[in-house]
Amino acid sequence: MRLVVRDTQNLLLVYPLDPSWREEDFLATLQYALQRGMEQVFQVEEAEIASERIGEGESRAILYWEAAEGGVGVLRQLVRDRGALARVARAALKRCHFGAEEGCARACYGCLLSYTNQLDHHRLNRHLVYEALTRLASGFTREEKAERPYDEHYRWLRSLTDSRSELERRFLDHLYRTGRRLPDEAQKALADYPAIPDFFYEPNICVFCDGPVHDADAMRRRDEACRAELRELGYRVVVIRSDRDLEEQVRAYPDIFGRGRED
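To start, this report covers the structure provided alongside it. In this text, all values refer to a predicted model and were calculated from it rather than measured experimentally.

Observations concerning the sheet that holds strand 4 (residues 185–186)
Spatially, 4 strands are ordered 4-5-6-7 in an open sheet, and the strand pairing comes out mixed. Because the sheet does not close on itself, it has two edges, and the strands there are strand 4 and strand 7 (236–241). The sheet contact formed by strand 5 (residues 199–201) and strand 6 (residues 205–210) spans 3 bridges and is antiparallel. Within strand 6, the residue paired with F199 across the bridge is V207. Against the sheet, helix 6 (residues 166–177) makes contact with strand 5, strand 6 and strand 7, and its axis sits at roughly 125° relative to strand 6, the strand it touches most.

Dropping the structure here:
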């Protein structure tokens, strides 16, 4: 008998296109500088974001993943929020105390060093990444989407659902099973409001899946305030509840989900 554990985590693979960025000391320093920037910008603990260098030659890359159970949504925001990487780079520059009256010679526990990266201490040199971080700090992220077949898009969306939300998966499975229009995105961070709808339809439709936890008074008030502000900004808000029949709720929005095979 063998014990098997399966888990799902968000991953971000960073390939440096500039050949000079593949030098090992540079890559190691950039790896931890960006990680420190992520921790600062998104207010997460060091243990919640992990990283390592993988591959060889032109395939050498930095792999980041969300080590916290259920994920923290940081890596998805880096891809989808066009200004997130620039903010991370600016935070990394500040963390590396460039411009300060006093700074370390190469790296210290105030900037890049930690007990978890001791094997790389001899490689880390904050001065190596100053120019790269400066370039990243003035740039932006552009997400390129490839058209996916219906089945593949469904599997992609399902992989993005919150691991703690059975309702999200039930809702998505129902859309797929009945041949409805699938959401364009899942767990999308909105650019103009601090909210992450469970599903999103372009250009402005936010779908929230409310399980029993949303019935608590404090959560309900928070949800109502958030969704009222989204409507004021021009978003259309759809709420799918766990205590109502899924087909009945989906059928109420044929202009969003389509009529499906059961109609």
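Considerations on the packing of aromatic side chains
Summed over the entire model, instances satisfying the criterion amount to 9 aromatic pairs. With 5.5 Å between their ring centres and 35° between their planes, W21 and F26 make a pair best called tilted. Taking 5.7 Å as the distance between ring centres and 70° as the angle between the ring planes, the aromatic pair formed by Y201 and F257 counts as edge-to-face. Highlighted residues: Y201 in strand 5 and F257 in helix 9 (residues 254–257), separated in sequence by 56 residues. For Y201, a relative accessible area of 0% puts it in the buried group. By relative accessible area, F257 is classed as buried at 0%. A connected cluster of aromatic rings, assembled from ring pairs, spans F171, F199, Y201, Y253 and F257. The ring of F140 is capped by R82, whose NZ or CZ atom sits 4.3 Å from the centre of that ring.

Details of the environment of P16
In this fold, P16 is placed in the loop between strand 1 (11–14) and helix 1 (24–42). A residue is classified by how much of its surface remains accessible, and P16, at 8% relative accessible area, is buried. Leaving out residues up to four positions away in the same chain, P16 has contacts with W21, R22, L27, R60 and A61.

A look at the state of the cysteines
Using the criterion set out here, one finds 0 disulfides in the structure. Unpaired in this structure, C104 has its nearest cysteine sulfur neighbour in C108, at a distance of 3.8 Å. Owing to a relative accessible area of 15%, C104 belongs among the buried residues under this scheme.

About the criteria used
- Residues numbered from 1 in each chain as written.
- Predicted model: local features only at pLDDT ≥ 70, side-chain atom pairs only at ≥ 80, totals over all residues.
- Heavy atoms only, no water.
- Pairing = 2+ DSSP bridges.
- Helix = DSSP H or I, 4+ residues; strand = E, 2+ residues; numbered from the N terminus.
- Contact = heavy atoms within 4.5 Å.
- Axes fitted to C-alpha atoms, helices over the stretch in contact; angles between N-to-C directions.
- Phe/Tyr/Trp six-rings, centres within 6.5 Å; stacked < 30°, edge-to-face > 60°.
- Buried < 20%, exposed > 50% of the residue type's maximum accessible area, 1.4 Å probe, protein only.
- Lys NZ or Arg CZ within 6 Å of the ring centre and 35° of its normal.
- Disulfide = S-S within 2.5 Å.

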